[in-house]
Amino acid sequence: MFEQFLVEMHTALIKVGFTPSDQFDEAKVGYEKAFPARLDQITKFLGAGPYACGDKLTYVDFLALSVLDQTMAFTPDLYNDKPVVTEYIARLKNLKNLKEFYESDDCTNKTYCILPPFAQWSGQPNQD
């Protein structure tokens, strides 16, 4: 269930990213209005466990990190009041191998596009 919720979140981000320029601001506002409820749902999915399935790390956690990382690039301020979600992201990013990757020169998070460059919002770092 959490997996499908994450796919829906990612799909919503893609839809906004490809919204025509004359409708983009309105689409972004709608996305941002719905986003806090999505984060509340994630908090419920996570419950008291450190990972999506309690104490066991699964592929869903890696999917969650990917989706949450991308949405954080799009709407970083909306995460401010969601410590369960931000702590979950930090916990995943601090896993030994992921931490090494995020700190390495091979990490593409500071240079890659989330969506293709021709999208209205591509996620290119430092894009206004």
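Each remark here, short or long, concerns the structure printed above.
Residues numbered from 1 in each chain as written. Predicted model: local features only at pLDDT ≥ 70, side-chain atom pairs only at ≥ 80, totals over all residues. Heavy atoms only, no water.

Novice: Before we move on, can you summarise the overall build of the protein chain with the specific residues and values?
Specialist: Within the protein chain, the regular secondary structure consists of 5 helices and 0 strands. The helix and strand sequence of the protein chain, counted from the amino end, reads α-α-α-α-α. The C-alpha radius of gyration computed for the protein chain amounts to 15 Å, which stays within 12% of the reference 14 Å derived for 128 residues, consistent with globular compactness. Dimensions of the protein chain along its principal axes, counting C-alpha atoms only, are 45 × 35 × 25 Å. Within the span of the protein chain, comprising 128 residues, buried residues form 36% of the whole. Contacts in the protein chain between residues far apart in sequence, at least 24 positions, make up 67% of those at least 6 positions apart. (Helix = DSSP H or I, 4+ residues; strand = E, 2+ residues; numbered from the N terminus. Rg over C-alpha atoms; globule rule 2.2 N^0.38 Å. Buried < 20%, exposed > 50% of the residue type's maximum accessible area, 1.4 Å probe, protein only. Contact = heavy atoms within 4.5 Å.)

Novice: For the environment of T86, give the residues involved together with the corresponding values.
Specialist: Of note, T86 is situated in helix 4 (residues 83-93). Spatially, the C-alpha atom of T86 lies 13 Å from that of T75, the residues being 11 residues apart in sequence. In contact with T86, other than residues within four places in its own chain, are M72 and Y79.

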